Amino acid sequence: QVQLTESGGGSVQAGGSLRLSCVISGLTYRPYCMGWFRQAPGKWREGVATVDSNGITTSDPSVRGRFVISRDNDKNMLYLDMNNLKPEDSGMYYCARDWSRACAMETQRTGAGMTAWGKGTLVTVSS
């Protein structure tokens, strides 16, 4: 089975930056839709950004212009570069993979339909 492992989370002051990484291991790896999702305590899981098999990206309006998602298929890696972090960005960040080449709208918004998930990496942004 495919396995995803996130890293790069931590504590940062507002306005700071972090780079999250996700390594995808397993013989079933395919360059399909992948994304980053986050969940804060007491909140629903929400989509942060996705990238499809062609490298086309989407991002939630709340992070647009601040976060950049990218993938390196040769290294089986997924990245999320987060800049100008705000306290409301705090939460557990998960990387996930879908079987579809394209990222469906609901998948972009919530991660619904993703077939493999990492265990998450915690991001805490202080004022």
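Residue numbers restart at each chain and count upward from 1, following the sequence in its written direction. With pLDDT at 70 or above as the cut-off, local features in this predicted model cover only qualifying residues; side-chain atom pairs require 80 or more to be listed or tallied, and sums for whole chains, interfaces and linings still use all residues. The side-chain values count all of the structure's non-hydrogen atoms but skip hydrogen atoms and water molecules.

1. Brief notes about the packing of aromatic side chains
In summary, the pairing rule links any two rings of Phe, Tyr or Trp, Trp by its six-membered ring, whose centres are within 6.5 Å, and it sorts them by plane angle into stacked for under 30 degrees, edge-to-face for over 60 and tilted for everything else. Within this structure, the stated rule accounts for two aromatic pairs. Measuring from ring centre to ring centre gives 5.2 Å for F37 and W117, while their planes differ by 55°; the resulting arrangement is tilted. In this pair, F37 is assigned in strand β4 (residues 34-39) and W117 in strand β10 (residues 116-117), connecting sequence segments 80 residues apart. For F37, a relative accessible area of 0% gives the class buried. Working definition: with a 1.4 Å probe on protein chains only, accessible area under 20% of the residue-type maximum means buried, over 50% means exposed, and in between means partly exposed. W117 gets classed as partly exposed once you look at its relative accessible area, which sits at 29%. Ring centres 6.3 Å apart and planes at 80° place the aromatic pair Y94 and W117 in the edge-to-face group. Counting from the N terminus, the helices are the DSSP runs of H or I reaching at least four residues and the strands are the DSSP runs of E reaching at least two.

2. Notes on unusual backbone geometry
Here N76, not a glycine, exhibits a phi torsion of approximately 55°, which is positive. Relative to the helices and strands, N76 resides in the loop between β7 (67-72) and β8 (77-82).

3. Focus: the state of the cysteines
Pairs of cysteine sulfur atoms within 2.5 Å are what we label disulfides. Applying the stated criterion to the full structure yields two disulfides. Across the disulfide, C22 is cross-linked to C95 (sulfur-sulfur distance 2.0 Å). Residues C22 and C95 are joined by a disulfide whose S-S torsion is about 50°; by sign, that bridge is right-handed. Here C22 is found in strand β3 (residues 18-25), whereas its partner C95 is found in strand β9 (residues 91-97), with 73 residues between them in sequence. Like C22, the residue C95 is buried in the burial classification. At a sulfur-sulfur separation of 2.1 Å, the disulfide partner of C33 is C103. Linking C33 and C103, the disulfide has an S-S dihedral of approximately 115° and is accordingly described as right-handed. In this pair, C33 is assigned in the loop between β3 and β4 and C103 in the loop between β9 and α1 (105-110), connecting sequence segments 70 residues apart. Among the cysteines of the protein chain that take part in disulfides, numbered as they appear in the sequence, the pairing is 1-3, 2-4.

4. Looking at the nonpolar core
The criterion is simple. A nonpolar core is a set of buried Ala, Val, Leu, Ile, Met, Phe, Trp, Tyr and Cys residues joined through side-chain atoms within 4.5 Å. The biggest cluster of nonpolar side chains holds 24 residues, and the ones touching the most others in it are W36, L78, L80, M82 and Y93. Of all the secondary-structure elements, those providing two or more residues to this core are β3, β4, β5 (46-51), β7, β8, β9 and β11 (121-126). The leading source of residues in this core is β3, at four residues. By the convention used here, residues are in contact when the closest approach between their heavy atoms is within 4.5 Å. Not counting residues within four places of it along the chain, the set of residues in contact with L80 comprises L18, R19, L20, W36, V48, A49, F67, V68, I69 and Y93. One finds C33, F37, A96 and C103 within the second-largest nonpolar core, a separate group that totals five residues.

5. Looking at the pattern of salt bridges
The salt bridge definition used is simple: a Lys or Arg side-chain nitrogen within 4 Å of an Asp or Glu carboxyl oxygen. Applying the stated criterion across every chain, the model contains five salt bridges. Between R66 and D89 there is a salt bridge, and its shortest N-O distance comes to 2.8 Å. Residue R66 is found in the loop between β6 (57-59) and β7, and its partner D89 is found in the loop between β8 and β9; the two are separated by 23 residues along the sequence. As far as burial versus exposure is concerned, R66 and D89 are alike and both buried. A salt bridge links E106 to R109; its shortest N-O distance comes to 2.8 Å. In this pair, E106 and R109 both sit in helix α1, three residues apart, roughly one turn of the helix.

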